[in-house]
Amino acid sequence: MKFGPVPIDQAAGAILAHATTAGERRLRKAHRLSDVDIADLKAAGIAEIVVAVLDPGDLDEDAAATAIAAAMSFRNVVARPAATGRVNLHALEAGISTVDTAKIDAINAVDPAITIATLPRYAPVIAGQMVATVKIIPFAVPLALVDKVRALCIGGEIFGVNAYRPMRIGVVQTVLPSVKPSVLDKTIRVTEARLARSGGSVAAERRTPHEAVPLAEAITELARDTDMIVIFGASAMSDFEDVVPAAIDRAGGTVVHAGMPVDPGNLLVVGTLGGKHVIGAPGCARSPKENGFDWVLDRLVAGLDVTSKDIAGMGVGGLLMEIPTRPQPREPRPAQAGRKVHAVLLAAGRSSRMGGPNKLLALFDGKPLVTRTAERVLDAGVAGAVAVVGHQHERVGSALSGLSLKTVENPDFADGLSSSLRVGIAALPPDAGGALVVLGDMPGISARDLDRLIEAFRKSGGSAIVRASHNGKRGNPVLLPRSLFSAVAHLEGDTGARYLVENAGIDVIDVEIGAGAWLDVDTREVLEEAGGVLQD
């Protein structure tokens, strides 16, 4: 391939290197120039243009990316059509990603013109999520290079998604006088939420004294009718002969590994009993925040074995963020007051109670509700904003066009509010210290209200949840600290941020903003009383 400036008379059939204006026409980058294009460019006074000219042995970027993706062997993954030299590959089911690291490294070593990027090994994925992308850097590459890469793809699966298997989990919680029943109840709720992402459930629970004999009896009983057993000890394991590993052994099981190089999660125990896995959960597993327990649980419910060697190899990358409820953090937390707050505007709902019209497009003072809400978000002191669209995404996106926010589509909007929240949080930049979650159907919220939430968040050092309230009752919007972003990925259904607020175990600051905290226009009557006019 030849790349560079050529006289306009020699550019027919070449690939345009940069977007160019020809009179009133806008020719996009990578456009193949026709005779008509050349005439328009000459009429616009352009005498020379930068292009790429393919050699006889070249494949254009889309053809090359398509050929490489077609040569790969993968499982529970689908390749999307090529565009701009890229083929994106998406998960067909929720599960855990697997990757042949050696093959990926070998492909990327062939030539810088050909690249492939994937999720990390054993990363949790949701259905529809991108797991890999093949990208051709220049506009074309020699066929010989493509053939070399295709040859490397032969001989086994290069990546895949191990789909989650819905499992019936038996939970045993040991009890000491110092353990409150409310803690045990919360542990069950958190565990049920963890299992929900894989379609699993808590099938049975037993509570026993924190002693090896009664714990072993409970393990034996639950093993008869459940697929896996999870033990939450009232006291953390302090020795490999402590209550939890001793009870697994007494029940006739085998302790595969005790302890793990993941923090939080060090005190995990993994064993087997009658072909079923038994996990002694670390204390941090009572929190919804990601910890070493998640790494092991997710792999097991996806049908992947977890050996002692596997656990020993988790140390690199195993230093996770501190859990907010940890009573004595290892190091003082740095002040987070300077961190940026970004807004997530949720505008993907179906307006099911409206009987047809989309409430987000209802006119308030002659302007669509979603437009007005977005403008108020942008008038507040946020560093940036993301709008999540889904139902009637083209119409809602059109109502947001021209505003300085990023729009992302949630194809799974029908699954509930949590799916949109996950998409929105995932779209925030790495420097986002907090996410101001704003519902698109709240006409009573002002920019000043949002600024008051942001101010309270910054005064907390960027570590607290801040929630709008009215007359002492909780409402919306809600501002989530970055420490909860990873927990958002575990939400399911129509729960939104409320579950995190109630179960995160960190400070919650309520800010009185007035009746606007309660006013979301879910029905025709409420919308019309608030001054809105529905549009068909």
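Moving on: the overall build of the chain. Scanning the chain for helices and strands turns up 16 helices and 31 strands. Viewed in the frame of its principal axes, the chain has a C-alpha envelope of about 90 × 65 × 45 Å. Contacts spanning at least 24 positions in sequence make up 70% of the contacts within the chain whose residues lie at least 6 apart. Of the roughly 23,800 Å² of accessible surface on the chain, 53% is carried by carbon and sulfur atoms. Distance from the positive charge centre (55 side chains) to the negative charge centre (61 side chains) of the chain: 2 Å.

Here we take up the confidence of the model for the chain. Residues at a pLDDT of 70 or more form 95% of the chain, whose mean pLDDT is 90. Note on residues 322-338: pLDDT under 50 across the span, and 24 contacts to partners over four residues away in sequence or across chains.

Below, the discussion takes up the side chain of Asp58. Tracing the sequence through the fold places Asp58 in strand β6 (residues 58-60). The side chain of Asp58 is buried and forms no salt bridge, while Lys2, the nearest opposite charge, is found at 7.6 Å. Aside from chain neighbours lying at most four places away, what touches Asp58 is Met1, Ala140, Val141, Pro142 and Leu143.

Here is the key point about a regular strand: its side chains alternate between the two faces of the sheet. Sheet topology note: the strand β1 (residues 2-7)/strand β5 (residues 48-53) ladder contains six bridges and is antiparallel. Bridge pairing links Gly4 to Val51 in β5. Taken together, the two bridges between strand β2 (residues 15-16) and β5 define a ladder with antiparallel strand orientation. Considered in β5, the bridge of Ile15 is made with Ala52.

Time to look at the sheet that holds strand β10 (residues 95-99). An order of β7-β15-β10-β12 is seen for the four strands of this open sheet, with the pairing classed as mixed. The sheet is open, and its two edges are formed by β7 (74-75) and β12 (124-125), each paired on a single side. Note that β10 and strand β15 (residues 159-163) share five bridges and pair antiparallel. Within β15, the position partnered with Gly95 by the bridge is Ala163.

Counting across every chain of the model gives 19 salt bridges. The closest approach of N and O atoms between Lys367 and Glu375, which form a salt bridge, is 2.9 Å. Measuring nitrogen to oxygen at the nearest pair gives 3.5 Å for the salt bridge that ties Glu455 to Lys459. With Glu455 and Lys459 both in helix α13 (residues 447-459), this residue pair falls four residues apart, about one helical turn. It is possible to trace a salt-bridge network through shared partners that takes in Arg194, Arg197, Asp294 and Asp298.

In this section: the nonpolar core. With 60 residues, the main nonpolar core has Val370, Leu400, Ile425, Leu428, Leu436 and Leu480 as its most contacted residues. Ignoring any residue separated from it by four or fewer positions in sequence, one finds Ile425 in contact with Val344, Ala435, Phe485 and Val488. In terms of nonpolar packing, the next biggest core, distinct from the first, is built from 30 residues, Ala64, Val110, Ala113 and Ile116 among them.

A separate point is the side chain of Glu61. You can see Glu61 is positioned in helix α2 (residues 61-71). Buried within the structure, Glu61 lacks any salt-bridge partner; Lys135 is the closest side chain of opposite charge, at an N-O distance of 4.4 Å. With residues up to four places along the chain from it excluded, the contact list for Glu61 reads Ala30, Thr84, Gly85, Lys135, Ile136, Pro138, Phe139 and Ala140.

A few words now on the packing of α2 against helix α4 (residues 143-152). Orientation of α2 relative to α4, taken along the N-to-C sense of each, is 15°, at an axis distance of 8 Å. Taken together, α2 and α4 sit at an angle that is classed as roughly parallel. As α2 packs across α4, the resulting crossing turns out to be right-handed. Listed contacts from α4 to Ala64, Ala67, Ile68 and Ala71 of α2 are Val146, Val149 and Arg150. Broken down by class, the residue content of the contact of α2 with α4 amounts to six nonpolar, no polar and one charged.

Packing of helix α6 (residues 212-223) against helix α7 (residues 243-250) brings their axes to within 8 Å, and their N-to-C directions diverge by 55°. Considered as vectors, α6 and α7 are oriented oblique to each other. Here α6 runs over α7; the crossing is right-handed. Facing Ala212, Val213, Leu215, Ala216 and Ile219 of α6, the residues of α7 in contact are Val243, Val244, Ala246, Ala247, Ile248 and Arg250.

This brings us to the packing of aromatic side chains. Scanning all chains against the criterion turns up three aromatic pairs. Residues Phe3 and Phe139 carry aromatic rings whose centres are separated by 6.5 Å and whose planes lie at 20° to one another, so their mutual orientation is stacked. Of this pair, Phe3 sits in strand β1 while Phe139 sits in the loop between β13 (130-136) and β14 (140-142), placing them 136 residues apart in sequence. Cation over ring: Arg299 sits above Tyr122, and NZ or CZ is 3.6 Å from the ring centre.

To continue, consider the sheet that holds β1. Read across the sheet, three strands follow the order β1-β5-β2 without closing on themselves; strand pairing throughout is antiparallel. Looking at which strands have only one partner, the edges of the open sheet turn out to be β1 and β2.

As a further point, take unusual backbone geometry. Residue Pro264 is reached from Asp263 by a cis peptide bond, and omega for that bond is 5°. Within the secondary structure, Pro264 is located in the loop between β19 (254-258) and β20 (269-273). Look at the link from Asn476 to Pro477: it is a cis peptide, with omega at 5°. Structurally, Pro477 can be placed in strand β29 (residues 473-481). The residue Asn76 is not glycine, and still its phi comes out positive at about 55°. Note on placement: Asn76 falls in the loop between β7 and β8 (77-79). Positive phi values are uncommon outside glycine, yet Asn471 reaches one of about 55°.

Procedures and definitions
Residues numbered from 1 in each chain as written. Predicted model: local features only at pLDDT ≥ 70, side-chain atom pairs only at ≥ 80, totals over all residues. Heavy atoms only, no water. Helix = DSSP H or I, 4+ residues; strand = E, 2+ residues; numbered from the N terminus. Contact = heavy atoms within 4.5 Å. Areas by Shrake-Rupley, 256 points an atom, 1.4 Å probe, with all protein chains shown as cover. Lys, Arg positive; Asp, Glu negative; His and termini not counted. Charge placed at Lys NZ, Arg CZ, Asp CG, Glu CD. pLDDT = per-residue confidence, 0-100. Buried < 20%, exposed > 50% of the residue type's maximum accessible area, 1.4 Å probe, protein only. Salt bridge = Lys/Arg side-chain N within 4 Å of Asp/Glu carboxyl O. Pairing = 2+ DSSP bridges. Core = buried A, V, L, I, M, F, W, Y, C linked by side-chain atoms within 4.5 Å. Axes fitted to C-alpha atoms, helices over the stretch in contact; angles between N-to-C directions. Parallel < 35°, antiparallel > 145°, perpendicular 65-115°, else oblique. Left-handed = near helix turned anticlockwise from the far one by under 90°. Nonpolar A, V, L, I, M, F, W, Y, C, P; charged D, E, K, R; others polar. Phe/Tyr/Trp six-rings, centres within 6.5 Å; stacked < 30°, edge-to-face > 60°. Lys NZ or Arg CZ within 6 Å of the ring centre and 35° of its normal.

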